[in-house]
Amino acid sequence: MLKREIPFEDDEDGFILMAEGGGGGGGGKVVGLVLVDIVNGFCTIGAGNLAPVGPNKQINTMVEESVWLSKVFCKKKWPIFALLDTHHPDKPEPPYPPHCIVGSGEDNFVPALQWLEEESNVTIKRKDCIDGFIGSMEKDGSNGFADWVKANGVNVVLVVGICTDICVLDFVSTTLSARNTGLVPPLEDVVVYSKGCATFDLPLHVAKSIGALAHPQGIPTSPGTLHGKGKRS
Ligand SMILES: [Zn+2]
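A few points on the structure. (Residues numbered from 1 in each chain as written. Predicted model: local features only at pLDDT ≥ 70, side-chain atom pairs only at ≥ 80, totals over all residues.)

Further remarks concern the overall build of the chain. What the chain contains, in helices and strands, is 7 helices and 7 strands. When the helices and strands of the chain are placed in sequence order, the string is α-β-β-β-α-α-β-β-α-β-α-β-α-α. Within the chain, the fraction of its 233 residues that count as buried is 38%. Relative to all contacts within the chain whose residues are 6 or more apart in sequence, the contacts with residues 24 or more apart total 70%. (Helix = DSSP H or I, 4+ residues; strand = E, 2+ residues; numbered from the N terminus. Buried ≥ 20, exposed ≤ 12 C-beta atoms within 10 Å, placed from the backbone. Contact = placed C-beta atoms within 7 Å.)

Following this line, the structure appears as structure tokens:
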């Protein structure tokens, strides 16, 4: 998927995303990486109501792929925009149970990505809603994501994270609409790396026991599904 959507060449990191854009010269596209909610509350075993209850291959793979991409982007000083789901305890997010409460630790990067907090090419945005584009709105009407796109001259965003069918889908859908209406220049394309995405597993019997909506992990998670007709969450 990644290779098909973005031209690659092999180098010591395994690939080069298009030409080196921005300060790199070469006239290629500038690619930015967007990390969606790769926080303990969704990815670390036992870290809250929406965290995995045991080893989870899909989530582990998503984290591994995100770490790999983050290392490549940081090595090249390419821009990264990281969304962290963070909620105030007095502001619930129905239909979901309390999760990623500020200060609980659930709202922080998974251990494998904590080093990103020290990287100069990384912009971190905490959000208290599902859609990371909306969650990037500031009180003065500006948008932190749009400002990041503009400041870095990003032409293509590569999106990874969790949950494929909820936060990733909403962010991608809104960003595509924003692009089409000219709100995020110079953004041209949004690419979802399916292997770098995962969703949480809340089977029906567990959901009933805690009074939440069921959300089995076995739902389709390909980008084709993301852009299909059915948006079910
Ligand atoms: Zn949330």
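With that settled, consider the nonpolar core. Grouped together as the largest cluster of nonpolar side chains are 55 residues, with contacts concentrated most on L35, V36, V159, I162 and V168. When contributions to this core are tallied by element, the ones reaching two or more residues are β3 (31–36), α2 (40–43), α3 (57–75), β4 (80–85), α4 (144–152), β6 (156–162), α5 (164–180) and β7 (189–198). Setting aside anything within four residues of it in sequence, one finds L35 in contact with S66, I80, A82, L83, V160 and G161. (Core = buried A, V, L, I, M, F, W, Y, C linked by C-beta atoms within 7 Å.)

Another aspect to go through is unusual backbone geometry. Following P94, the chain continues to P95 via a peptide bond in cis, the omega torsion being 10°. Along the chain, the position of P95 falls in the loop between β4 and β5 (122–127). For the peptide bond that leads from I162 to C163, omega is 5°, which places it in the cis range. Looking at the element boundaries, C163 is found in the loop between β6 and α5. Although it is not a glycine, D37 sits at a positive phi angle of roughly 55°. You can see D37 is positioned in the loop between β3 and α2. Despite not being glycine, C100 has its phi angle at roughly 50°, a positive value. You can see C100 is positioned in the loop between β4 and β5.

So, about α5. Among the residues making up α5, those that are buried are T164, D165, I166, C167, V168, L169, D170, F171, V172 and T175. G182 lies just past α5 and shows a positive phi near 75°.

This next bit is on the pairing of β4. The buried fraction of β4 is high, at 6 of 6 residues. Here β4 shows a buried face lined by I80, A82 and L84 and a second buried face lined by F81, L83 and D85. Pairing of β3 with β4 involves 4 bridges; the strand directions are parallel. Its bridge partner lying in β4, L33 is registered against I80. Relative to β5, β4 runs parallel, the two sharing 6 bridges. (Pairing = 2+ DSSP bridges.)

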